[in-house]
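# Working through the structure, step by step
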Amino acid sequence: MGKDDGKQRMEDKPLKPQVAESPVADVFENRHPFDAEKKWAEKTLAPTLEKAPERPIGAATGVNLDEHGHARFTTISGLPIRRLYTQADLPADWSEDNYLGYPGQAPYTRGIHATGYRGKLFTMRQFSGFASPEETNQRYKYLLEHGGSGLSVAFDLPTLMGYDSDHPASEGEVGKCGVAIDSLEDMEILFGGIDLEKTTVSMTINSPASVLWAMYLVVAEKQGADWKKISGTIQNDILKEYIAQKEYIYPPAPSMRLVIDTFEFGSKFTPRFNTISISGYHIREAGSTALQELAFTLYDGVEYVEWARRRGLDVDEFGPRLSFFFNAHNDFFEEIAKYRAARKIWYRVMKDRFGAKNARTWLMRFHTQTAGVSLPAQQPMNNIARVAVQALAAVLGGTQSLHTDSYDEALALPTEEAARIALRTQQIIAYESGVAQTVDPLGGSYFLETLTLQMENGAFDYFGKLDAMGGMVKAIERGYPQKEIAEASYQYQRAAEAREKVIVGVNEFVIEEESPHILYIDESVARQQTTKLQSLRARRSNDDVTRTIDALKKAAALEPRAGTNGNVSSANTMPYIVDAVRAYATVGEICEALRQVYGTYTEVSVT
C-alpha cells in the first residue's frame, strides 16, 4: 500500500447511506473506503442482505444484536467484528515500515527471531505433576521419551501455600492438584535421572518461589551442573496472585521484595534462568477479556521493573531474564493479535519508559498454555479439537514455548494417554501443518493488523488508568483489576447462559454421556509424605536448620539495597534460603520463618 493511497483515503469523504438503519451502514461509518468497496457495498452486499439478512452465531438476543436489530458479531471477549476488513480499517499512515516491521527487528510485531521457527522450534513443555515426587518423576521421563523438549512442574496446593504435607492446613490436598514437594530430598527424587543442564524446567510456583527455586538450584549443583548453564523459569509472579489466583502468603510489599531478591540473585549467578514468568494465564482463567489479560500482565511487568529500579538494579542486567506467560483461548484471531501486540508494547515500554539500551532487554519472550477454563467436562473428547485450535493460534502468534492441556483436565489430573495426545497435538502442528516453515504467515492481513492495533491502543489506555492510580500495587489495593475481571467474567457467563455465545456440548449439541476414566489420587500420598518428613527430621542436623533459619529471618528483616562489585545485597534473602535448603529445612519451615517476619495477607473486601 503506497503513501498516495493513504492520502487518497484521508481526502475521501465517507458516503453516508440514505437510511441510518441500513445493514450496510457500517461500511461507511468512521471509515474512508475506496470507490471499489463503496460500489461493492451498494451493488453486491446490500442486495444480498436484503434477500438473506445475516444471522448471529448463537441466540438472536443481547450481545448478538445491534441497536437496529441487525446481527452483531463479536470475539469471545466481546470485541465487535466487521464482516470485511480492508485498507480502510487501518490508519491512513499505515505502512509495513511504520507499523509492522520485520521479524527479529523492532518493534518485533512479527517475532523476536529473524527466522521464526526455522532455526529452533517452540519448546514443547508439558505441565505435569501429581501425587508423589516418585510418580511425577516417572511421568516426566515418559513425556521426555515421547518427544517433550521441556518440563513444567505443577505443585500441589500445600506446596503453593508454603505448607508441609503434614501441616493441618494440608489435609485432603496433598498431591491432588500437583506434586507434593516438602524438602530438598523430594526435589532430588523429582529430578532423579534427568540432566538439569540439558533439560529446561519451568516451575509454576509463586509465593514460595524463591524456596522451590533454591531447591532446584541445589539439586542441579548436586548433579554437577553449572548454574551459569542451566535454563528454565520460575513463575514467581505474585501480583497476579493478588489479582486473580489468590495463592498468596505475605503482604504485597514484602512479597515484591522477595521477587526482586530473585532478580538480583539470578542476574549474578544464573544468567540463563528466567527469574519470573509474568503471567496473564491466570488472569484470563479468572474471566478477563483478551485485552485485560494483555494490559494487566504487561503492566505487572512495568510494576516489577519499577520496584527493581527503586532497589537500584540496572534494567539492562535483570531485564533480559524477564519472561511472560499467556493464555491461548478459543478466539483464534484475537489471540494471535494479542501476542503480536504484546511484543510491540513491551518493546516500547522497555525502550521509551525505562530507557533500556540492551536490545535483549527489549525482547518479549513468552510461554503459552492452552485455556484450561475453556475445556468443559461435558463431551471431553471435544477438547482435543479446542486445544489444537488454541495451540495453533499460539504458534502463529510466535510463542517460544507451549503447553497443550489434556482433554480430561476438567475432570481430574491428566491420564498418561491424555497427556500423550496433548503432546502429539503440538508435534502435529510443528511437523505436519507447515505453519512453522514461514515467519508470521498472517502478517499483513487487514483483519489481523487492525486487531493488533486495537489491542495495542486498548492496553495503553489501561496503562494510563493504572499510572493515574499510582501503579499496580495501589490498583490492587483499590480492587480495580479485580473488579474489571469480575465484570468481564459476568458478561461472558450471562452471554453463555443466554446461548448468545455457543459452547459446543454445553449449551448446544448436548448429549447423554458416560463418565470417562480419570486419574484418582488417594490419601496414601499424604501418608507417604508424612513418613518421609518424619524420617528426614530425625536424621538431618536440626542445629544446622535452626542456624540457617535464624540467619534468614535476620536478613529478611533488613532493607536491601543493590549489591556492588558483582555481589548481591547483604540483605538479599536468596543466599540464606539456599543455605537453609542445603540443611534440608522444609518448605513449611522456611515459609513459616518468613511469615514470622512479614506476617500474612488477607484480602480487603472492595466494593
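Structure first, text after, so check above.
Scope of this entry: the structure provided in the associated data block. (Residues numbered from 1 in each chain as written. Predicted model: local features only at pLDDT ≥ 70, side-chain atom pairs only at ≥ 80, totals over all residues. Heavy atoms only, no water.)

## Describing the pattern of salt bridges
All told, the structure shown has 39 salt bridges when counted by the stated rule. The shortest N-O distance in the salt bridge between Glu 54 and Arg 83 comes to 2.8 Å. Of this pair, Glu 54 sits in the loop between α2 (35-51) and α3 (96-100) while Arg 83 sits in the loop between α2 and α3, and the two are 29 residues apart along the sequence. With its nearest N and O atoms 3.6 Å apart, the salt bridge here joins Arg 353 to Glu 306. Here the residue Arg 353 occupies a position in helix α13 (residues 332-353), and Glu 306 occupies one in helix α11 (residues 290-311), the gap between them amounting to 47 residues. By relative accessible area, which is 23% here, Glu 306 ends up partly exposed. By sharing partners, the salt bridges in this structure join Asp 164, Asp 166, Arg 537, Arg 540 and Glu 589 into a single network. (Salt bridge = Lys/Arg side-chain N within 4 Å of Asp/Glu carboxyl O. Helix = DSSP H or I, 4+ residues; strand = E, 2+ residues; numbered from the N terminus. Buried < 20%, exposed > 50% of the residue type's maximum accessible area, 1.4 Å probe, protein only.)

## Thoughts on helix α17 (residues 446-469)
The end-to-end C-alpha distance of α17, which contains 24 residues, comes to 35 Å, matching closely the 34 Å that a straight helix rising 1.5 Å per residue would cover. One or two steps after α17, the chain reaches Gly 470, where phi turns positive at roughly 100°. (Expected span 1.5 Å × (residues − 1).)

## Focus on helix α20 (residues 524-539)
End to end, α20 covers 23 Å across 16 residues, agreeing with the expected 22 Å (1.5 Å per residue, within 8%). When we look at burial in α20, the residues that qualify are Val 525, Ala 526, Gln 529, Lys 532, Leu 533 and Leu 536. For α20, the angular spread of buried residues about the axis comes to 125°, placing them on one side. Set apart from the buried face of α20 by more than 90 degrees, the exposed residues are Arg 527, Gln 534, Ala 538 and Arg 539. Where α20 is buried, its residues contact α4 (133-145) and α6 (184-190). (Arc of directions from axis to C-beta. Contact = heavy atoms within 4.5 Å.)

## Regarding the packing of aromatic side chains
The geometry of an aromatic ring pair comes down to the distance between the two centres and the angle between the two planes. Overall, the coordinates contain 30 aromatic pairs when judged by the stated rule. Plain terms: the ring middles of Phe 326 and Tyr 339 are 6.2 Å apart, the flat faces sit at 55° to each other, and that makes the pair tilted. On the criterion of sequence distance, the pair formed by Phe 326 in strand β7 (residues 322-328) and Tyr 339 in helix α13 is long-range, its members being 13 residues apart. For the pair shown, Phe 326 and Tyr 339 are each scored as buried. Relative to Phe 366, the ring of Tyr 339 lies with its centre 5.3 Å away and its plane at 20°, an arrangement referred to as stacked. Taken together, the residues span a long stretch of sequence, with Tyr 339 in helix α13 and Phe 366 in strand β8 (residues 366-370) at a distance of 27 residues. Among the residues examined, Tyr 339 registers a relative accessible area of 0% and is labelled buried. Given a relative accessible area of 2%, Phe 366 falls into the buried group. The structure contains a cluster of three or more aromatic residues connected by ring pairs, namely Tyr 140, Phe 191, Trp 213, Tyr 216, Trp 227, Phe 265, Phe 269 and Phe 273. Taking the ring centre of Tyr 462 as reference, the NZ or CZ of Lys 465 above it sits at 5.3 Å. (Phe/Tyr/Trp six-rings, centres within 6.5 Å; stacked < 30°, edge-to-face > 60°. Lys NZ or Arg CZ within 6 Å of the ring centre and 35° of its normal.)

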